Amino acid sequence: MAQVMAERAATSRRPAGASIRIRNARKSYGTTTVLEHLDLDIEAGEFVTLLGPSGSGKSTLLNAIAGLENLTGGTIEVDGRDLTHVPAHRRGFGMVFQSYALFPHLTVAENVGYPLRIRHLNTRNRRARVEKYLQLVALDHVADRLPSQLSGGQQQRVSLARAMVFEPRVLLMDEPLGALDRNLRQALQFEIRKLQLEAGSTVIYVTHDHDEALSMSDKVALLNGGRIVQVAAPPELYRNPRNAYVAAAFGETS
Ligand code: ADP
Ligand code: MG
């Protein structure tokens, strides 16, 4: 039964992404406060960027949503369910980091198929799904190579495909393009959106790059010093910056 359920969950078409509700999130290490009284609402299927300078708490917040770090206080609800104390592996989210973290001894196709294998998808469905996502990231021609035989951009495409292939309800990305050069970044930004539309996932995307945040997001959450300064759609940040900090970051200078 578990197998059938997993099969169905993994093969159903265009699953809707999940909604996320964060309330009064706090995180401190000893006497150092890293996140303070932080609220954030994300709608199902939205692409939300956490944007802010280095040290503003973006990764800490993302890792707390992933379940890789415990909050000191506050709650995280996903589709109305309190997941604050649910461990990472039981949240079923996809993750992409700046470092590609591929399995070096597995081929490209095996890396991409790995999340489906641990979800017990049968071989035929697995192969079809892997093929589809490898095509989406334009890597079907290197399916049988090892990661070490690929360029950095190709390796990151593999890790994107691997994170999306099981069409997670939530996909978390921490500066996934940070190690790549500018042209490649733009190409991959486009591919990430394409993959998101295909998988239907809710995406939370960490970056410190304003242009990237503005061009990719439905909504930007601007962080500074462990607080969210403003959450808004990109045009709104320009037109109605909430305070001098946002205005300096985004506002029209007229
Ligand atoms: P960002 O991703 O925006 O660069 P982080 O979330 O990584 O920021 O870090 C936010 C703050 O938390 C930083 O000041 C960092 O030094 C601090 N921090 C992160 N992890 C730890 C830790 N394990 N112990 C103490 N301080 C930490
Ligand atoms: Mg970070």
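The residue count restarts for each chain, going from 1 along the sequence in the order it is written. Chains carry letters from A onward and ligands carry numbers from 1 onward, assigned in written order. Since the coordinates come from a predicted model, pLDDT governs what is reported: local features require at least 70, and pairs of side-chain atoms require 80 or more to be given and counted, while whole-chain, interface and lining totals use all residues. The side-chain figures draw on all heavy atoms in the structure; neither hydrogens nor water molecules are used.

**Observations concerning the overall build of the protein**
Working step 1: Along the protein, the regular secondary structure elements total nine helices and ten strands.
Working step 2: The C-alpha atoms of the protein give 18 Å as radius of gyration, which agrees with the globular expectation for 254 residues (18 Å, within 12%).
Working step 3: Along the three orthogonal principal directions, the C-alpha set of the protein runs to about 55 × 40 × 35 Å.
Working step 4: Going through the 254 residues of the protein one by one, you find that 50% of them count as buried.
Working step 5: Within the protein, contacts between residues at least 6 apart in sequence are counted, and of these 71% link residues at least 24 apart.
Working step 6: Accessible area for the protein stands at about 12100 Å²; split by element, carbon and sulfur atoms hold 49% of it.
Working step 7: When charges are counted, Lys and Arg are positive and Asp and Glu negative, with His and the chain ends excluded. Every charge is mapped to an atom, namely NZ of Lys, CZ of Arg, CG of Asp or CD of Glu. Distance between charge centroids for the protein: 5 Å, based on 30 positive and 26 negative side chains. Going along the chain from the N terminus, every DSSP run of H or I of four or more residues is numbered as a helix, and every run of E of two or more is numbered as a strand. Restricting the calculation to C-alpha atoms gives the radius of gyration, and the globule rule supplies 2.2 Å times the number of residues raised to the power 0.38. Under the scheme applied here, a residue whose accessible area is under 20% of the maximum for its type counts as buried, over 50% as exposed, and between as partly exposed, the area being computed with a 1.4 Å probe on protein chains only. Throughout, a contact is declared for two residues whenever any of their heavy atoms are within 4.5 Å. All accessibility values rest on the Shrake-Rupley procedure with a 1.4 Å probe; residue burial counts only the protein chains present in the view.

**Some words on the environment of Glu110**
Working step 1: Tracing the backbone shows Glu110 in helix α3 (residues 108-118).
Working step 2: Through-space distance from the C-alpha of Glu110 to that of Arg145 is 9.7 Å; in sequence the pair is 35 residues apart.

**Some thoughts on the sheet that holds strand β1 (residues 20-29)**
Working step 1: At least two bridges found by DSSP between two strands is the condition for calling them paired. An order of β2-β1-β4-β5 is seen for the four strands of this open sheet, with the pairing classed as antiparallel. Only two strands of the sheet have a single neighbouring strand rather than two, namely β2 (32-42) and β5 (81-82).
Working step 2: Here strand β4 (residues 73-78) pairs with β5 via two bridges, running antiparallel. Opposite Glu77, over in β5, you have Asp82 as the bridge partner.

**Comments concerning the site of ligand 1**
Working step 1: Inspection of the region around ligand 1 gives Tyr29, Val34, Pro53, Ser54, Gly55, Ser56, Gly57, Lys58, Ser59 and Thr60 as its neighbouring residues.
Working step 2: Ser59 is positioned such that a nitrogen or oxygen atom in its side chain is 2.9 Å from an oxygen atom of ligand 1.
Working step 3: If ligand 1 stood free it would expose 560 Å²; the protein chains cover 56% of that surface.
Working step 4: The greatest single-element share of the shell around ligand 1, amounting to three residues, is contributed by helix α2 (residues 58-66). For this description, a residue counts as near a given molecule or strand if any of its non-hydrogen atoms is within 4 Å of it. Pairs of N or O atoms are called polar contacts if they sit within 3.5 Å, as long as, within protein, a hydrogen donor faces a hydrogen acceptor (for residues adjacent in sequence, only side-chain-to-side-chain pairs).

**A word on the packing of aromatic side chains**
Working step 1: We call Phe, Tyr and Trp rings a pair once their centres come within 6.5 Å, taking the six-membered ring for Trp, and we label the pair stacked below 30 degrees between planes, edge-to-face above 60, and tilted otherwise. For the structure shown, the criterion picks out two aromatic pairs.
Working step 2: Ring plane angle 35° and centroid distance 5.5 Å describe the contact between Phe47 and Tyr205, whose orientation is recorded as tilted. Of this pair, Phe47 sits in strand β3 (residues 47-51) while Tyr205 sits in strand β8 (residues 202-207), placing them 158 residues apart in sequence.
Working step 3: The class for Phe47 is buried, based on a relative accessible area of 0%.

**Section: the UniProt feature "domain: ABC transporter" (unreviewed entry) in the protein**
Working step 1: UniProt positions are given in the numbering used here, feature names are shortened, and annotations may be inferred rather than shown by experiment. Those places that UniProt annotates as "domain: ABC transporter" (unreviewed entry) correspond, in this numbering, to residues 20-250.
Working step 2: Secondary structure across residues 20-250 divides into 37% helix and 26% strand, with the first and last C-alpha atoms of the span separated by 26 Å.

**What to know about the side chain of Glu46**
Working step 1: Of note, Glu46 is situated in the loop between β2 and β3.
Working step 2: A polar side-chain atom of Glu46 sits 2.8 Å from the main-chain amide nitrogen of Glu43.
Working step 3: Excluding residues within four positions of it along the chain, Glu46 makes contact with Asp41, Gln196, Ser201, Thr202, Val203, Asp218 and Lys219.

**Considering the pattern of salt bridges**
Working step 1: Each reported salt bridge corresponds to a side-chain nitrogen of Lys or Arg within 4 Å of a carboxyl oxygen of Asp or Glu. Taken as a whole, this structure holds twelve salt bridges when the rule is applied.
Working step 2: Taking the shortest distance from any N to any O, the salt bridge between Lys132 and Glu167 comes out at 3.7 Å. Taken together, the residues Lys132 in helix α4 (residues 123-136) and Glu167 in the loop between α5 (152-164) and β7 (170-174) connect sequence positions 35 residues apart.
Working step 3: Judged by relative accessible area, which is 24%, Lys132 ranks as partly exposed.
Working step 4: A relative accessible area of 6% means that Glu167 is categorised as buried.
Working step 5: Lys132 serves as the salt-bridge partner of Glu198, at 3.0 Å between the closest nitrogen and oxygen. Within this pair, whereas Glu198 is found in helix α6 (residues 182-199), its partner Lys132 is found in helix α4, the two being separated by 66 residues in sequence.
Working step 6: Beyond isolated ion pairs, a larger network of salt bridges with shared partners links Lys132, Glu167 and Glu198.

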